[in-house]
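Observations on the three-dimensional arrangement
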Amino acid sequence: MRTSQPQTIYLKDYRVPAFLVDHVDLRFELFEDGARVYSLLSMRRNPDSDGSDTSLELDGDSLTTLESVSLDGSELAKDAYEDRTDRLVVHDVPDQFELGVVTWIEPQNNTRLEGLYKSSGMFCTQCEAEGFRCITYFPDRPDVMARFRTRIEADKASFPILLSNGNDVEKGELDGGRHFVTWEDPFPKPSYLFALVAGDLVEQRDSFETMSGREIDLRMYVEPRNVEKCAHAMDSLKRAMRWDEEVYGREYDLDIFMIVAVDDFNMGAMENKGLNIFNSSCVLASQETATDQAFQRIESIVAHEYFHNWSGNRVTCRDWFQLSLKEGFTVFRDSQFSADMGSPTVKRIEDATMLRTAQFAEDSGPMAHPVRPESYMEITNFYTLTIYEKGCEVVRMIHTLLGADMFRKGSDLYFERHDGQAVTTDDFVRAMEDASGRDLSQFRLWYEQAGTPELTVRDEFDQGAGIYRLTIEQVIPDTPGQTNKKPQHIPFAVGLLGAGGESLPLKLSAGETDAPTDRILELTEASHTFEFHDLAERPVPSLLRDFSAPVRVYYPWTREQLMFLMSHDPDGFNRWDAGQRLAVDVISELVGDTGNEAIDGGLTDAYRGLLSDVSLDQALVAKMLQLPSEAYLIELAEKPNVPAIHQARERVLKHLAAALRDDLLACYRRNTVEGRYEVTPESVARRSLRNTALAWLLHIDDEEGRSLAVSQFERADNMTDRMGALRALVNSGYEQARDEALGAFYERWKADPQVVEQWFAVQSGSSRTGGLPKIRELMEHPAFDWKNPNKIRSVIGVFAGQNLPAFHAEDGAGYRFLAEQVRRLDDSNPQIAARLVSPLTRWRKFAPVHGEQMKTALESIRDKSGLSRDVYEVVHKSLAGQ
Ligand code: TRP
Ligand code: ZN
């Protein structure tokens, strides 16, 4: 716990480590009341350092007892070192030595879930970013890479499975019913990739033959009750391994690859070398217990962690400012993989939706930071949408600018040049430049400047000359600590459509032959004008196709143009986007309206067309039928009044549902087909369409809809349909049917934590059921657990992040509630507490009545005594400034 104001760490202060570690020899004695950790470090002075340090400094955090320190085999007297709890300083060390450290730690009391802790009776670790220092004293920074040997000793009956990184090289029995296993990892790695697991787990095995013909042993370890939930992750893993060979030429390097599922986990999953550890909710799935969305999420997370083996582990980060080096690139790789496994357009829509809804919000709020930040207090707070998702978009733009072949040459060069090293985002860009011959110096601003570029597009048509002119201006808004930004290098994909919907050739000069119908315009200046020649009539522009850059685009679209693009744009993303813009326009017009304003009939016609046209890609149709979310509408609004936005959106939804009732029923029936459950884009689209139709029908309390929902709920053979029906009932006015379904659902699934989490979320996220009294009731429920991050997220996180009209209730009770929970959690799990604060941080964006109450809630957190560094940083940065 904090006693003074936390320090800010700056990128400009980076210094190479004074000492390196060549080898780490660890021995863990695991007991019920604690663990003894013996560490033997083979160290030497770093030849690249200036050599001025005479003492050795190691990081430590929350280590219960330092039992002994030895240098080259002799125990040191107490005055030969200083034990400063967060730092061990050993005086007068030679140039090369072996340092022995013995610590006693208490995993059973570790509620922060950093370092070594216990989850459902098993021991497990989470060392990224700075968790290894909670296990033993160590130079806990990613540019110190060492070979690890790890011996684990524990009671054999309670902990038959003992795992760590690499290969198991020795095992045996010990006195008192104990046993041990020793693991050796031949690849030097930073401490954040260390992992240990000990528990009573069952093993599922499979194997994979690599492109060079090596046989890899694949193993999943789960609690016995979860054996039926492993197949999907295992299949996903094999697909990911094959894909990385085919698309990036990357082969797996150890003989064993292990995945472990744990219930208590702060994040989604962790790429520890050879031993990936997953949050149960991000790896375990069966048709009966997981939705289509969960299946897809699992496939992409399994791939993400696997891909880190090269983009993160073999080539790692020099320091934590470079986090996006591994995360941005790896998210890009997993998004390419998911696109290849399913529908690329749908994947692009999902990624852009997340970016525009949540990352843009982050980038215009008080925590805005560049993809490569310049400073931080607590690094855990920087595992953000900007580092991950915007970082992915930055890599995607390099891919767009270079083309797939050059990009592959660049990634080959990057992996070859930096294998075994800890490097920077700049090294990544340089490899791309060197392989392609392109100059990316201006492009590097994407890593340095925070804020979402705003592009304003104007056009004019010169009928006489047949020239269409597009003028594009870019402005990058100020963000905390950054003003007067330079223009960035932006790939802007465009097309032009003729009146009949045909794609027009984009001629940059009159008479140009074989001009393409798609072009990437490269914006590098504050303003550009592009001329397109030989046009007979004014075209309709299709701007920022496939969301070619993470920017906001302003152009005065007419509703006619949007409806035209919705049905004619050959770019699937822009078709969808035109529909979104149209719906945003219609909904925004109704915000604050008394209820008399008519709803544009064009929108109804457009949706009717979507519902009935079976010739269209149904996966795209399923996406097009989703109205823009409240969160997105709020993000777009100036000083949003959340209840008014909610009302306006509800009105449009109800209007559409009533006007399209018969079309919805027909769509529902058409997409109800018997057959085996599969997770293909076609069948996922079918279930999505069907459940959207059902949700809309129940929104207007349609009797036929209700009986369809009840019978679907009772008969569903998969969680997507069961949850679809339950969600529709929860959001309807049929209170009895809703309560019966919720009760039956819980009774049936109460033994399954992953399902109970969904049961919590469907209630706390609903504006119909999720009022504060309900949220408090859910928190009193026996299945709620303050020590389990998933339960906290599914009740409190979902309430504040998705149940927006309740969270933003006029009286401020939602804000006070969240602040109360943050204060409570701050002592036990600061990482999760700091993440929960996020909805309050944007207080300046909201209308004053709301903003002031949000600010007061933040102040009540600020004033808690002994605030963690994690929450301190978020709260103080949110309250600071203008
Ligand atoms: N490196 C992990 C990933 O993106 C992220 C992660 C897992 C993490 N657990 C964490 C980050 C705990 C911070 C703290 O795949
Ligand atoms: Zn990652």
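Residues numbered from 1 in each chain as written. Chains lettered and ligands numbered in written order. Predicted model: local features only at pLDDT ≥ 70, side-chain atom pairs only at ≥ 80, totals over all residues. Heavy atoms only, no water.

What counts, and what does not: UniProt positions are given in the numbering used here, feature names are shortened, and annotations may be inferred rather than shown by experiment.
The protein is annotated in an unreviewed UniProt entry as Aminopeptidase N from Marinobacter azerbaijanicus. Word for word, the UniProt comment on the protein under Sequence similarities (unreviewed entry) is "Belongs to the peptidase M1 family." The annotation that UniProt attaches to the protein under Catalytic activity (unreviewed entry) is "Release of an N-terminal amino acid, Xaa-|-Yaa- from a peptide, amide or arylamide. Xaa is preferably Ala, but may be most amino acids including Pro (slow action). When a terminal hydrophobic residue is followed by a prolyl residue, the two may be released as an intact Xaa-Pro dipeptide."

Examining the environment of G342
Worth spelling out the cut-off: Only DSSP runs of H or I reaching four residues or more are called helices, and only runs of E reaching two or more are called strands; each is numbered from the N terminus.
Of note, G342 is situated in the loop between helix 3 (323-341) and helix 4 (344-363). A sequence separation of 277 residues divides G342 from A619, and the C-alpha atoms of the two residues are 9.9 Å apart.

Examining the sheet that holds strand 26 (residues 467-475)
Which entries qualify depends on this criterion: A strand pair is defined by DSSP finding two or more bridges across the two strands. Lines fitted to C-alpha atoms define the axes, with helix axes restricted to the stretch in contact, and inter-axis angles between N-to-C directions lie between 0 and 180 degrees.
Reading across the sheet, the four strands line up as 29-26-25-31 and stay open at both edges, with mixed pairing between neighbours. Every other strand in the sheet has two partners, leaving strand 29 (527-532) and strand 31 (552-554) as the edge strands with one partner each. The sheet shows a mean angle of 25° between the axes of neighbouring strands, taken without regard to direction. Bridge count between strand 25 (residues 454-462) and strand 26: nine bridges; the pairing is antiparallel. Bridge assignment links D462 to a residue of strand 26, and that residue is I467.

Some points on the pattern of salt bridges
Applied cut-off: By definition here, a salt bridge exists when the distance from a side-chain nitrogen of Lys or Arg to a carboxyl oxygen of Asp or Glu is within 4 Å. Only protein chains enter the accessibility calculation, which uses a 1.4 Å probe. A residue is then buried if its area is under 20% of the maximum for its type, exposed if over 50%, and partly exposed in between.
As enumerated under the stated definition, the model contains 91 salt bridges in all. For the salt bridge of R314 with D419, the shortest nitrogen-to-oxygen distance reads 2.7 Å. With R314 in the loop between helix 2 (292-307) and strand 22 (316-317) and D419 in the loop between helix 6 (404-418) and strand 24 (422-423), this residue pair connects regions lying 105 residues apart in the sequence. The class for D419 is partly exposed, based on a relative accessible area of 32%. Here D459 and R538 are joined by a salt bridge, their closest N and O atoms 3.3 Å apart. Taken together, the positions of D459 in strand 25 and R538 in the loop between strand 29 and strand 30 (540-543) put the pair 79 residues apart, joining distant regions of the chain. Connected through salt bridges with shared partners, the residues R27, E29, R36, E67, R151 and E153 form a single ionic network.

Quick look at unusual backbone geometry
What is expected of a backbone is that most residues other than glycine have negative phi and most peptide bonds are trans. The peptide bond linking E128 to A129 adopts the cis configuration, its omega dihedral lying at -5°. Relative to the helices and strands, A129 resides in the loop between strand 11 (122-126) and strand 12 (145-155). Even without being a glycine, D92 presents a positive backbone phi close to 50°. In this structure D92 comes out as exposed when scored by relative accessible area, which is 63%.

Some points on the coordination of the zinc ion (ligand 2)
For clarity, the threshold we go by: Shown as donors are all N, O and S atoms within 2.8 Å of a metal ion, widened to 3.2 Å for Na, K and Ca; because water is not in the atom set, sites may appear incomplete. Geometry assignment treats four donors as tetrahedral when all angles are between 85 and 135 degrees, treats four as square planar and six as octahedral when opposite donors are over 155 degrees apart and all others between 65 and 115, and treats everything else as irregular.
Distances from the zinc ion (ligand 2) to its protein donors, H304 (NE2), H308 (NE2), E327 (OE) and E327 (OE), fall within 1.9 to 2.8 Å. Coordination geometry of the zinc ion (ligand 2): the six donor atoms subtend angles of 46 to 160° at the metal centre, consistent with an arrangement described as irregular. Look at where the donors of the zinc ion (ligand 2) fall in the sequence and you get H-x3-H-x18-E. On the accessibility criterion, H304 (8% relative accessible area) is buried.

Considering the UniProt feature "domain: Peptidase M1 alanyl aminopeptidase Ig-like fold" (unreviewed entry) in the protein
Per the UniProt record, "domain: Peptidase M1 alanyl aminopeptidase Ig-like fold" (unreviewed entry) is found at residues 451-555. Here residues 451-555 runs as 0% helix and 42% strand, with 20 Å between its end C-alpha atoms.

What about the environment of L660?
Let me state the cut-off plainly: We call two residues in contact when some of their heavy atoms are within 4.5 Å.
Along the chain, L660 turns up in the loop between helix 14 (642-659) and helix 15 (661-670). By relative accessible area, which is 0% here, L660 ends up buried. On a C-alpha basis, the gap between L660 and A693 in space is 9.7 Å, while along the polypeptide they are 33 residues apart. Each residue touching L660, except ones within four places of it in the same chain, is listed here: T604, Y607, R608, L611 and W696.

Points about the side chain of K485
The criterion, for reference: For the charge count, each Lys or Arg is scored as positive and each Asp or Glu as negative, with His and the chain ends excluded. Polar contacts here mean pairs of N or O atoms no more than 3.5 Å apart (in protein, one a potential hydrogen donor and the other a potential acceptor; neighbouring residues in sequence count only if both atoms are side-chain atoms).
Relative to the helices and strands, K485 resides in the loop between strand 26 and strand 27 (490-497). For the buried K485, no salt bridge is present, and the opposite-charge side chain at shortest range is D478, 5.8 Å distant. In this structure the side chain of K485 is engaged in a polar contact, spanning 3.3 Å, whose partner is the side chain of Q482. Residues in contact with K485, not counting those within four places in the same chain, are Q449, A450, G451, I476, P477, D478 and T479.

A closer look at the pairing of strand 14 (residues 167-174)
Looking at chain direction, strand 14 and strand 15 (residues 178-190) are connected through seven bridges and run antiparallel. Bridge pairing in strand 15 places G172 opposite F180.

Details of the sheet that holds strand 21 (residues 275-279)
On the basis of which strands lie adjacent, the open sheet formed by five strands has the order 17-18-19-21-20 and mixed pairing. Where the open sheet ends on each side, the last strands, each with one partner, are strand 17 (202-209) and strand 20 (269-270). Where strand 20 lies against strand 21, two bridges are found, and the strand directions are antiparallel. Across the sheet, residue M270 finds its bridge partner in strand 21, namely I277. Where helix 1 (residues 231-248) meets the sheet, it contacts strand 17, strand 18 (215-222) and strand 19 (256-262), and its direction lies at approximately 25° from that of strand 17. Together, strand 19, strand 20 and strand 21 form the strand contacts of helix 2, whose direction differs from that of strand 21 by roughly 150°.

A closer look at helix 2
This is how it is decided: Given the number of residues in a helix, its expected span is that number minus one, multiplied by 1.5 Å.
For helix 2, which comprises 16 residues, the first-to-last C-alpha distance of 22 Å matches the rise-based estimate of 22 Å (1.5 Å per residue) to within 8%. Of all 16 residues in helix 2, 13 are buried; the element is thus mostly enclosed.

Examining the packing of helix 9 (residues 559-568) against helix 10 (residues 572-590)
Using the following cut-off: Crossing handedness: left-handed means the near helix sits turned counterclockwise from the far one by under a right angle, and right-handed means the same turn made clockwise.
The N-to-C vectors of helix 9 and helix 10 enclose an angle of 145°; their axes lie 7 Å apart at closest approach. At the point where helix 9 passes helix 10, the crossing takes the left-handed sense. Across the interface between the two elements, R559, L562, M563, L565, M566, S567 and H568 of helix 9 pack against R575, A578, G579, R581, L582, D585, V586 and E589 of helix 10.

Quick word on the UniProt feature "domain: Peptidase M1 alanyl aminopeptidase C-terminal" (unreviewed entry) in the protein
Listed under "domain: Peptidase M1 alanyl aminopeptidase C-terminal" (unreviewed entry) in the UniProt record, and renumbered for this structure, are residues 560-880. Across residues 560-880 one finds 73% helix and 0% strand; the C-alpha atoms that close the span lie 44 Å apart.

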